[in-house]
Amino acid sequence: MYRAIDSNVLALYFEMRKHRDYVAAYHFLKRLLATNGRPERLVTDQYQATIKAVKHLIRQEDLIQSAHQCSKYRNKLIEQDHRFIKRHRVRSASFHSIRTARATLSGV
């Protein structure tokens, strides 16, 4: 599950993917940039696939290098955004398919 929020904690974009890898991160970021334009600041976690996708977008000049910040502390807003989803997910250990994830998230 990929989420993007703005500085006011409003959801900009939400996407569910079967795998969390470089391809998924790249397509999510590409779609996010196409929809919302270049951000002043893009804060991501330290997951290597996401960092690789961001570096690829910087090389393509779709994103400015100074806009990217990689920190586990600066993305607290997004972590707080999905705490309700985590609470449901802990009970079931994980989502076993996209269908069950969609059903759970529609209830949240």
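Just so it is clear, the structure is predicted and the values come from calculations on it, not from any experiment.

Engineer: It is not clear to me how the overall build of the protein chain should be interpreted in this structure. Could you clarify?
Structural biologist: If you tally the helices and strands in the protein chain, you get 5 helices and 4 strands. Put simply, the protein chain runs from its N terminus to its C terminus through helices and strands in the order β-β-α-β-α-β-α-α-α. In the protein chain, the proportion of contacts linking residues at least 24 apart, taken out of those at least 6 apart, comes to 58%.

Engineer: Before we go on, may I ask you to explain the confidence of the model for the protein chain in this structure?
Structural biologist: Low pLDDT means the predicted coordinates in that region are not meant to be read closely. Across the protein chain, pLDDT averages 76, with 65% of residues at or above 70. Averaged pLDDT values for the elements of the protein chain fall to 55 in helix α4 (residues 83–92) and rise to 91 in helix α2 (residues 48–59).

Engineer: Help me out: how do you make sense of the packing of aromatic side chains in this one?
Structural biologist: Aromatic ring pairs are described here by two measures, namely the spacing of the ring centres and the angle between the planes. All told, the structure shown has 1 aromatic pair when counted by the stated rule. The lysine or arginine in question, R20, covers the ring of Y47, its NZ or CZ lying 4.0 Å from the ring centre. The ring of Y22 is capped by K52, whose NZ or CZ atom sits 4.7 Å from the centre of that ring.

Engineer: What exactly am I supposed to notice about α2 here?
Structural biologist: An α-helical turn contains 3.6 residues, so any two residues separated by three or four positions project in the same direction. When the terminal C-alpha atoms of α2 are compared, their 16 Å separation across 12 residues agrees well with the 16 Å that a helix rising 1.5 Å per residue should span. Every buried residue of α2 is listed here: A49, T50, I51, A53, V54, L57 and I58. Packing partners of the buried residues in α2 comprise α1 (22–36), β3 (42–44) and β4 (68–70). Among the residues trailing α2, E61 stands out with phi positive, at a value near 65°.

Engineer: Mind showing me how you'd approach the pattern of salt bridges here?
Structural biologist: Any two side chains of opposite charge can pair, so long as their charged atoms come close to each other. What the rule picks out here adds up to 2 salt bridges. The salt bridge involving R20 is made with D45; its shortest N-O contact spans 2.7 Å. Of this pair, R20 sits in the loop between β2 (11–15) and α1 while D45 sits in the loop between β3 and α2, and the two are 25 residues apart along the sequence. Under the relative-accessibility criterion, R20 is labelled partly exposed at 41%. One salt bridge in this structure joins K30 and D62, with 2.5 Å as the shortest N-O distance. Of this pair, K30 sits in helix α1 while D62 sits in the loop between α2 and β4; the two residues are 32 residues apart in sequence, bridging distant segments of the chain. The class for D62 is partly exposed, based on a relative accessible area of 22%.

Engineer: When you look at α1 in this model, what are you seeing that I'm missing?
Structural biologist: Relative to the 21 Å expected for 15 residues at 1.5 Å per residue, α1 spans 21 Å between its end C-alpha atoms, a close match to the ideal helical length. Of the positions making up α1, those classed as buried are A24, A25, Y26, F28, L29, L32 and L33. Positive backbone phi, at 80°, marks G37, one or two positions downstream of α1.

Engineer: What is the right way to read the side chain of T50 from this model?
Structural biologist: Along the chain, the position of T50 falls in helix α2. Aside from chain neighbours lying at most four places away, what touches T50 is R20, A25, L29, T44 and D45.

What counts as what
Residues numbered from 1 in each chain as written. Predicted model: local features only at pLDDT ≥ 70, side-chain atom pairs only at ≥ 80, totals over all residues. Heavy atoms only, no water. Helix = DSSP H or I, 4+ residues; strand = E, 2+ residues; numbered from the N terminus. Contact = heavy atoms within 4.5 Å. pLDDT = per-residue confidence, 0-100. Phe/Tyr/Trp six-rings, centres within 6.5 Å; stacked < 30°, edge-to-face > 60°. Lys NZ or Arg CZ within 6 Å of the ring centre and 35° of its normal. Expected span 1.5 Å × (residues − 1). Buried < 20%, exposed > 50% of the residue type's maximum accessible area, 1.4 Å probe, protein only. Salt bridge = Lys/Arg side-chain N within 4 Å of Asp/Glu carboxyl O.

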